[in-house]
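Reading the structure
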Amino acid sequence: MRIPCPYCGLRDAHEFAYLGDATVKRPDPAAPGAEDAFHDYVYLRDNPAGAHKELWYHGSGCRSWVVVARDTRTHAIAGAELAREVTP
Amino acid sequence: MSRLPSGGRIDRSRPVSFSFDGNSYQGFAGDTLASALLANGVRLMGRSFKYHRPRGVFSAGSEEPNALVELRTGARREPNTRATTVELFDGLSAQSQNRWPSLAFDLLSVNGALSPFLSAGFYYKTFMWPAAFWEKLYEPVIRRAAGLGRAAEENDPDTYEKAHTFCDVLVIGAGAAGLTAALSAARSGARVILADEDFALGGRLLSEQHPIDGAPAASFVAKAEAELASLPNVRIMTRTTVFGVYDSGTYGALERVSDHVAVPASFMPRQRMWKIVAKQAVLAAGAFDRPIVFGGNDRPGVMSAQALRTYAVRYGVAAGNMAVLFANNDYAWSAALDAAEAGVRLAAIIDVRREVAAPLQARAKALGIRLILGGEVVATSGKILSSVIVRSGGREETIAAEVLAISGGTTPNLHLTSHFGSRPTYDESLAAFLPGTPPAGLAVAGAAAGRFALGETLRHGAQLGASAATAAGFAAAPMAAPRAEDTPSGISAFWQVKGTRGLAFVDFQNDVTAKDVALAHREGYRSVELLKRYTTLGMATDQGKNSNMAGLAIMAELTGQGIGATGTTLFRPPYSPVAIGAIAGHHRGKDFRPTRPTPTHQWAEERGAVFVEAGQWLRAQYFPQPGEKDWLESVMREVKATRSSVGLIDVSTFGKIDVQGPDAAAFLDRVYINTFSTLAVGKARYGVMLREDGMVMDDGTTARLAPEHFIMTTTTANAAKVFQHLEFCLQVLWPELDVQLASVSEQWAQISISGPKSRDVLAKVVDAPLDVSNEALPYMGVAQGTVMGGTKARIFRLSFAGELGYEIAVPARHGEALTRALMAAGAPFGITPYGTEALGVMRIEKGHVSGNELNGQTTARDLGLGRMASTKKDFVGRVMAGRAGLIEPDRPILAGFRPVDPSKRLRAGAHFIAIGAEGTLENDEGYMSSTAFSPALGTWIGLGFIKHGPERWGQRVRAYDPVRGEDVEVEVCDPAFVDPKGERLRV
Ligand SMILES: [Zn+2]
């Protein structure tokens, strides 16, 4: 698999570390019910067969966290953006 | 001898000597082990997996299910190699496997008589008996009875390589379609790789007798090969199996570089694993002949019709004295007739069909071959085939034959097309599965696509080779395909002879019979995936290449569903077995992962250090002195010297992260449980960081070098993980913070000196005006300046060992010089280098937590660090650390432990149980995490987690260790055994 890093271009997936679901957002720790919200944030993940947005870390490259749109069945990658420029 | 007087693509001027089961034989260059054995009249080559049935060779290719042998001897012994793909070399030594005491007389063939008990699902049914039977009875018996050869018992002396390459068009298979595909693509200028598992190009053209462009097929192959070899944009890879298709046009291939020689040449690998990235690919893997199911169809001498021809035409070998053919299709006739014309004596052709194309019948009659149309083989006899029993017109007759060539039709070799989950579809007219939707960028040409006729195969390859090159961006046109006659192609689907005698095999390699398939049907395992797992049909190393079709056809007949609706199981990589050695490549032994020596490695080696692996690092574990009897004695000396005078250790392996920016302090407040924004410039502070789930991730000290500049240290083990986590926090959680991170772990060497004399030593190496007095550089102070006459340095006054101590950081290249300078300066004080063992003893004496305590399951509260957590701010892990289960009063908390009887040893892993209580899970109160013999106390001491730890100092419990059979009474105490008030740190 090759991932199009927005900085480095198309690079082998071995240069990246995988984290997972990029659609979850760290909850407001001061909001009421924060503990339940954090529980969901930390533990609950969808595992779709098909289109997915995932966080990959280009650890052996530019060290960017990248949001990758990948089809989990075929590894086809529809696009990649820098995480710092994405609002989940 | 069965070698034909002439013919074959072997070099009769180059005889090759080899041995099989200790007997010496001779073949020729160009032979495989299988062809050479047949040439020497050896027809019994192995014993089957389950029933130990005698078996001969069935095929002439990599799909071979029967003729598996052990190759070579000693450290190079390799089990389960297929005799059909082993190139003969001088001195080759092969042994049959799966037999005892000998191949000809195998006592375990009694398994065959037990076949009613070893039927489908026996793995599942039998082993439901008492579990105790497993170790004593089943496993040893089954291991002896059902095996697949012996692996070498010594280390493999050969090397394996990994390599990457790129091309525009990858052509898989160099037969008729592959050659025209490669030529059509290559002539456009595209970079072409042509890969074939065989050692010669040509595929079926090496065995078939049809002329191409009016000349023998061999001359077309020679011309094509010459042209391809002359083109600089073409790479021909023989002995190379493309075994897997992966995403983004990536293909896995195994090149058998030295398998065809006894010992690899100097500096040459045995095998090479290729990762080929291709813009486009053409799969031209051909097709193979499949068996028919009838009683005794596994007897040595029964082989595929295509194999009979290949041995005759390509290798100049008659597989036996007298042959008969049993088939349902025209290709089998062509194959057998080609063999007959090459010199094989063909007695009869038995075909289940009553109508067969007239030209084939005429050709057979011209050769004087008897035709039995509408006939069936119902049984075979002889330990090695001597005759076949044929039924036709309601009568049976026996025909003497040493070879029974069989063919139930042609199966396209579409394995690679389903590696991406695409299901093959059934074609009624061809009685074969055809590729479904192949992976993007892969086109299927020729026989692999069900286009079996030679002329069509040549044209199809040319067409797809050109379109692949076009898709890769080249102006390509199909070559003018050479002309070849399209021979008759009739087939009438036929899978199984009814009313036969003897075991009728569907899967030769796993000994699955037609009865097993029927049993699976009766017991409800009717889907092909269940059929496969219940009977093990198709689960052997040939992955059902020979057996799948008949197995699912029989199931389809039983269910009445039809073959198309029954479907087929999917194929997965690898296409044929790949040795673990090739997958590992050079990543083995010490080269499994990189080794990171510390800046003082060479110095430590000179001092005779014993090293220990810490992740990828090699760290000095201890420095034995002459006369010391064991490691403990060395470690005790190192600890005592440090506590009484001064000791030195390299701590460069700690992670070091440079944190800079206007928001650096605010950022650290969010990732540490305690506060860093209040830290003064020139000071360091111990910090603890959590994962978002509330567990401790790491700890270490972070110093403030300037208002917007911090230097963080992490544990050795977590350096990379913490850095990745911090980048995650900055880029994903809080991109609004203006902070930059840089890992500087490898840029700075860091040497720690500890002990009451450490300041005196340090003072001798620092340059003026750097002042290291207690007033100028107090505990947890940080100073910057130079050492050794001008080397930039940072000095941190802190100590993991719990003594007056300093860590001196210098650019990594000066680390060794600094160490030598400190050793020289410390000589008057008897400065003593120590290793990780002594450091471990001293940190336990001091009650400092380390890897055994930071085990991913402990909170800051568990570690006795709960009060460090700020309540005035949020930080990663704060919310989840407050969960009810993590703050409940009964959760074990860190404490110290010492044995009531001072002579007793403590061990990590023991669990705490109340005195008098039973050692059960319900009575478990916690566990010991670290232990050491303490020179300061003269006894063993330990750190551990126990319910209500801090409130129980002075109480006694048992450290119960049923694994080691130990049960020691211990007293709970302050985890800081030495200097609990920290006075030594501040002197
Ligand atoms: Zn990058």
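The next point concerns the overall build of chain A. Looking only at helices and strands, one finds one helix and six strands in chain A. When the backbone C-alpha atoms are referred to their principal axes, chain A occupies close to 45 × 30 × 20 Å. For chain A, the residues scored as buried account for 35% of the 88 residues in total. Contacts in chain A between residues at least 24 apart in sequence constitute 43% of all its contacts with a sequence separation of at least 6. Carbon and sulfur atoms make up 50% of the accessible area of chain A, which totals about 4900 Å². Charged side chains of chain A number 10 positive and 12 negative; the gap between the two group centres comes to 7 Å.

Taken as a whole and assessed by the stated rule, the structure comprises 19 aromatic pairs over all chains. A network of ring pairs unites the aromatic residues Phe16, Tyr18 and Trp56 of chain A as a single cluster. Seen from the ring of Phe505 of chain B, Arg55 of chain B lies directly overhead, with NZ or CZ sitting 4.8 Å from the centre. It is Arg670 of chain B that lies over the ring of Trp734 of chain B; its NZ or CZ is 5.0 Å from the centre.

With that settled, the discussion passes to the coordination of the zinc ion. Residues and elements named next belong to chain A. All of the protein donors around the zinc ion are Cys5 (SG), Cys8 (SG), His58 (ND1) and Cys62 (SG); their distances to the metal are 2.1 to 2.3 Å. For the zinc ion, the four donor atoms in the first shell make angles of 104 to 117° at the metal, so the coordination geometry reads as tetrahedral. Within one chain, the residues serving as donors to the zinc ion are arranged as C-x2-C-x49-H-x3-C. Of the residues examined, His58 reaches a relative accessible area of 0% and is grouped as buried. With relative accessibility at 27%, the residue Cys62 sits in the partly exposed group.

This part covers the pairing of strand S22 (residues 403-407) of chain B. All names here are of chain B. Burial within S22 is extensive, with five of its five residues counted as buried. Taking every second residue as pointing to the same face, both faces of S22 are buried, with Val403, Ala405 and Ser407 on one and Leu404 and Ile406 on the other. Taken together, the three bridges between strand S15 (residues 302-304) and S22 define a ladder with parallel strand orientation. Its bridge partner lying in S22, Val302 is registered against Leu404. By the bridge criterion, five bridges tie strand S16 (residues 323-327) to S22 in an arrangement that is parallel.

All names here are of chain B. Under the counting rule described, the total for this entry stands at 64 salt bridges over all chains. The shortest N-O distance in the salt bridge between Glu402 and Arg43 comes to 3.9 Å. Of the two residues, Glu402 is situated in the loop between strand S21 (395-400) and S22 and Arg43 in the loop between helix H1 (33-39) and strand S3 (46-47); the sequence distance between them amounts to 359 residues. By relative accessible area, Glu402 is classed as partly exposed at 27%. Between Arg270 and Asp158 there is a salt bridge whose closest N-O contact spans 3.3 Å. With Arg270 in the loop between strand S12 (250-255) and strand S13 (271-283) and Asp158 in the loop between helix H3 (132-145) and strand S8 (160-172), this pair connects stretches of sequence that are 112 residues apart. One exposure class covers both Arg270 and Asp158, and it is buried. Beyond isolated ion pairs, a larger network of salt bridges with shared partners links Arg204, Glu208, Arg309, Asp338, Glu341 and Arg363.

All names here are of chain B. For Asp156, the position within the fold is in the loop between H3 and S8. Residues Asp156 and Asp31 lie 125 residues apart in sequence; the distance between their C-alpha atoms is 26 Å. Setting aside residues up to four positions removed in sequence, Asp156 forms contacts with Ala75 and Arg588. In this structure the side chain of Asp156 is engaged in a polar contact, spanning 2.9 Å, whose partner is the backbone nitrogen of Asp158.

Nonpolar side chains tend toward joint burial in soluble globular proteins. Formed by 57 residues in total, the largest nonpolar core has its most connected members in Leu33, Leu92, Met303, Tyr311 and Leu325 of chain B. For this core, the leading source of residues is helix H7 (residues 330-341) of chain B, giving seven residues. Dropping the residues within four chain positions of it, Tyr311 of chain B is found in contact with Ala34, Ser35, Leu38, Val57, Ser59, Ala60, Thr84, Met303, Gly316 and Val317 of chain B. Counting residues in each nonpolar core, the second largest holds 37 residues, with Ala22, Tyr41 and Tyr57 of chain A together with Val739 of chain B among its members.

Rules of the game
- Residues numbered from 1 in each chain as written.
- Chains lettered and ligands numbered in written order.
- Predicted model: local features only at pLDDT ≥ 70, side-chain atom pairs only at ≥ 80, totals over all residues.
- Heavy atoms only, no water.
- Helix = DSSP H or I, 4+ residues; strand = E, 2+ residues; numbered from the N terminus.
- Buried < 20%, exposed > 50% of the residue type's maximum accessible area, 1.4 Å probe, protein only.
- Contact = heavy atoms within 4.5 Å.
- Areas by Shrake-Rupley, 256 points an atom, 1.4 Å probe, with all protein chains shown as cover.
- Lys, Arg positive; Asp, Glu negative; His and termini not counted.
- Charge placed at Lys NZ, Arg CZ, Asp CG, Glu CD.
- Phe/Tyr/Trp six-rings, centres within 6.5 Å; stacked < 30°, edge-to-face > 60°.
- Lys NZ or Arg CZ within 6 Å of the ring centre and 35° of its normal.
- Donors = N, O, S within 2.8 Å, 3.2 Å for Na, K, Ca; no water.
- Tetrahedral: all angles 85-135°; square planar, octahedral: opposite > 155°, others 65-115°.
- Pairing = 2+ DSSP bridges.
- Salt bridge = Lys/Arg side-chain N within 4 Å of Asp/Glu carboxyl O.
- Polar contact = N/O pair within 3.5 Å; in protein donor to acceptor, adjacent residues only side chain to side chain.
- Core = buried A, V, L, I, M, F, W, Y, C linked by side-chain atoms within 4.5 Å.

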